[in-house]
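Here are the chains, one letter per residue:
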Amino acid sequence: MAAEWQTAVAGAREATGFTGKNIHRNIDAIGGTLRLDHRADFYAELGALSDPGGFDAFLNHWWTQALADSATDEDTRQAAIDFADVAVALYARAVGGPTSTQQEIEAIAAGSEAS
C-alpha cells in the first residue's frame, strides 16, 4: 500500500500545487511534527486504538493535523489541509476504501465545495 500512498501524494501535489513540507505518513514522522499540545492526544489515541481496520483512518487524521501544525501561517495551513484532503481521497480510491467523486476531489483542490 506504500506505492498507492506515494501515488496519491504525488497526484495531490499536482492537483493542488502544494509545495509544503513532506511529512511521511508514519507514527514517528507524524508524532515528531505535531505541536506539543496535539502530540499527547496523538499518542493517547494510538495507545487506545484497538481496531486494526481503523489504523488507516487514524493515520489519515493525524497526518493531516501534522501538515497543518507544520504550516507557518493561515494560508499555508489551509493549503496543507486541502492537499491532505485530496491525498487521502485519492488513496482511499486506490485501495478501495470510501471514496470521493472526481468532481469532489477537484472541488477540494480548488478550495471550494462540490455542488
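This section reports on the structure supplied with the text.

### What about the overall build of the chain?
Counting its secondary structure elements, the chain contains six helices and zero strands. Going from N to C terminus, the chain has its helices and strands arranged as α-α-α-α-α-α. Looking at the chain as a whole, 34% of its 115 residues qualify as buried. The long-range share in the chain, meaning contacts at least 24 apart out of those at least 6 apart in sequence, stands at 54%. Accessible surface computed for the chain: about 6,500 Å², of which carbon and sulfur atoms make up 52%.

### Topic: the packing of aromatic side chains
Scanning all chains against the criterion turns up eight aromatic pairs. Aromatic ring contacts, followed pair by pair, group Trp 5, Phe 18, Trp 63, Phe 83 and Tyr 91 into a single cluster. In this structure, Arg 25 packs its charged tip against the face of Trp 5, placed 4.4 Å from the ring centre. A cation over an aromatic ring shows up here: Arg 25 above the ring of Tyr 91, its NZ or CZ 4.8 Å from the ring centre.

### Describing the environment of Thr 64
Residue position: Thr 64 is located in helix α4 (residues 55–70). It is 9.3 Å that separates the C-alpha atoms of Thr 64 and Arg 25, two residues lying 39 residues apart in sequence.

### Some remarks on the environment of Arg 13
Along the chain, Arg 13 falls in helix α1 (residues 2–16). Sequence separation between Arg 13 and Ala 80 is 67 residues, and the spatial gap between their C-alpha atoms is 10.0 Å. Residues in contact with Arg 13, not counting those within four places in the same chain, are Phe 18, Thr 19, Gly 20, Lys 21, Asn 22 and Phe 83. Within the structure, Arg 13 has its side chain in polar contact with the backbone oxygen of Phe 18 (distance 3.1 Å).

### What to know about the environment of Thr 33
Mapped onto the secondary structure, Thr 33 falls in helix α2 (residues 27–33). With a relative accessible area of 17%, Thr 33 lands in the buried category. Between the alpha carbons of Thr 33 and Ile 23 there is a distance of 7.8 Å; along the sequence they are ten residues apart. Discounting chain neighbours no more than four positions away, the residues touching Thr 33 are Lys 21, Ile 23, Arg 39, Ala 66, Asp 69 and Ser 70. One polar contact links the side chain of Thr 33 to the main-chain carbonyl oxygen of Ala 29, over a distance of 2.7 Å.

Cut-offs used in this document
- Residues numbered from 1 in each chain as written.
- Predicted model: local features only at pLDDT ≥ 70, side-chain atom pairs only at ≥ 80, totals over all residues.
- Heavy atoms only, no water.
- Helix = DSSP H or I, 4+ residues; strand = E, 2+ residues; numbered from the N terminus.
- Buried < 20%, exposed > 50% of the residue type's maximum accessible area, 1.4 Å probe, protein only.
- Contact = heavy atoms within 4.5 Å.
- Areas by Shrake-Rupley, 256 points an atom, 1.4 Å probe, with all protein chains shown as cover.
- Phe/Tyr/Trp six-rings, centres within 6.5 Å; stacked < 30°, edge-to-face > 60°.
- Lys NZ or Arg CZ within 6 Å of the ring centre and 35° of its normal.
- Polar contact = N/O pair within 3.5 Å; in protein donor to acceptor, adjacent residues only side chain to side chain.

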